[in-house]
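Now for the letters of each chain:
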Amino acid sequence: MNMSDLNTTLNRLYDTAVPDRNDIVSLLSISDADELKQLFTFADHVRKQHVGDGVLLRGIVEFSNFCGNNCAYCGLKKDNTTINRYRLSVDEILQSIGQIYSSSIRTVVLQSGEEHSIDAEWMAKLLKKIKSRFDIAVTLSVGERSYEDYELWRKAGADRYLLKIETTDKQLYNSLHPDMSFEKRIDCLRTIKQLGYQSGTGCIVGLKGQTIETLANDIMFFAAEQFDMLGIGPFIPHQDTPLKDDDPGELDMILKTLAVTRIVTKDTHMPATTAIGSLNSGDERLKALQCGANVMMPNYTPQPYKKDYEIYPGKRCIDEPSGACANCMEQMAQSIGRYIDYSRGDSLKTSSATTIQ
Ligand code: SAH
């Protein structure tokens, strides 16, 4: 593509309500350094215009690594007997949230493996306690549950829910997720939206069998459904999974996916994911923040558990005390002319599609 064609494609994609899949494919196919720069700069402008220069912080507490699923890529998979399983007590969770709150962060993300034994009432009580003690937004990321559980937790005060579709290629999805189903995942996302959660999904970039067309379909899905949050990160092979010998996701492909997603979805909250930061020895999250991302997720999982939440290896900063990240993120933001926004960072979407086709 020459530079003026590229400019036309970028503007067309930005201006049309329903993106043309061919435009997305052609942008994801770019490899020339100048063209990449043009794409990333365009996405950075869209980010600035629609979500501003503030970088939102979400403090994450990985409260349990028990999991009943066997996702082929994930180190927490049920059959991995090499990791030390842990579950934080209510007091430990509240203490971590206290630390998040004292750092002036106003969103906590409670994440865990898909622990079928998490009692819905236990979680509801925890949510009520959090909400009575702290003026903080709560995001849950605990996998697939029944309509009743999602409803109970929403009523107990949960504000947001993250459930990544991982890939919209149904065949690939089903091959990576034994005993799970693509339809069920979509169903859960539909319920999450219906119940009025601010909803987040996302995909893993670099899975074997994934193509540019597959990724373009993921982005079409994100655009059609107007999720409030989208997490896009690289596949990182884990030594104790069947995918241990696969190559990790390529940085440029991740950045292109982020950039195009920003251009088509405009005001979505998108993290520079920890997985992007863990990809190379340098911290590539700075690049992500400069091609569409506007969120970072400092880790407040207490020691000694941090290292045991090993969804992928080489996770950044796992030896640090919990809460060490916030200062570092201030510096990162400043180094690229941005600032940390300590507000709750609620959705900027004015209307969201509530029915998933
Ligand atoms: N159990 C919850 C979330 C926990 S894992 C759920 O099912 O929603 C959070 C995310 O980690 C997953 O959605 C997946 O996208 C990501 N992940 C897991 N293993 C990974 C790997 N090896 N490389 C990159 N991302 C991975």
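What comes next is a walk through the structure. (Residues numbered from 1 in each chain as written. Predicted model: local features only at pLDDT ≥ 70, side-chain atom pairs only at ≥ 80, totals over all residues. Heavy atoms only, no water.)

### Quick look at the side chain of K256
Along the chain, the position of K256 falls in helix α10 (residues 251-265). Within the buried core, K256 has no salt-bridge partner, and the shortest N-O distance to an opposite charge, that of D252, equals 6.5 Å. Separated by 2.7 Å, the side chain of K256 and the backbone oxygen of I30 make a polar contact. If we ignore the near neighbours within four places in the chain, the residues touching K256 are L27, L28, S29, I30, L36, L39 and F40. (Helix = DSSP H or I, 4+ residues; strand = E, 2+ residues; numbered from the N terminus. Buried < 20%, exposed > 50% of the residue type's maximum accessible area, 1.4 Å probe, protein only. Lys, Arg positive; Asp, Glu negative; His and termini not counted. Salt bridge = Lys/Arg side-chain N within 4 Å of Asp/Glu carboxyl O. Polar contact = N/O pair within 3.5 Å; in protein donor to acceptor, adjacent residues only side chain to side chain. Contact = heavy atoms within 4.5 Å.)

### Describing the sheet that holds strand β1 (residues 54-57)
Through backbone hydrogen bonds, the strands of a sheet pair up, either in parallel or in antiparallel fashion. Strands sit in the order β8-β1-β9 across an open sheet of three strands; the sheet is parallel. For this open sheet the edge positions go to β8 (295-296) and β9 (339-341), each flanked by a neighbour on one side alone. Taken together, the three bridges between β1 and β9 define a ladder with parallel strand orientation. Across the sheet, residue V55 finds its bridge partner in β9, namely I340. Its contacts with the sheet put helix α13 (residues 325-335) on β1, β8 and β9, and the angle it makes with β9 is roughly 125°. (Pairing = 2+ DSSP bridges. Axes fitted to C-alpha atoms, helices over the stretch in contact; angles between N-to-C directions.)

### Overview of the site of the ligand
Around the ligand, 19 residues are found, and the nearest of them are Y73, S112, E166, P234 and I236. A distance of 3.0 Å separates an oxygen atom of the ligand from a polar side-chain atom of K164. Taking 550 Å² as the accessible area of the ligand by itself, protein coverage stands at 91%. (Near = heavy atom within 4 Å. Areas by Shrake-Rupley, 256 points an atom, 1.4 Å probe, with all protein chains shown as cover.)

### Observations regarding the pairing of β1
Neither face of β1 is open: one carries G54 and L56, the other V55 and L57, and all of them are buried. Taken together, the two bridges between β1 and β8 define a ladder with parallel strand orientation. Bridging across to β8, L56 finds its partner in V295.

### Some words on the side chain of H269
Counting through the fold element by element, H269 comes out in the loop between α10 and α11 (274-277). Given a relative accessible area of 4%, H269 falls into the buried group. For H269, the side chain forms a polar contact with the side chain of N294, separated by 3.1 Å. Residues contacting H269, with those up to four places away along its chain left out, are L56, R58, D228, M229, L230, N294, V295, G345, D346, S347 and L348.

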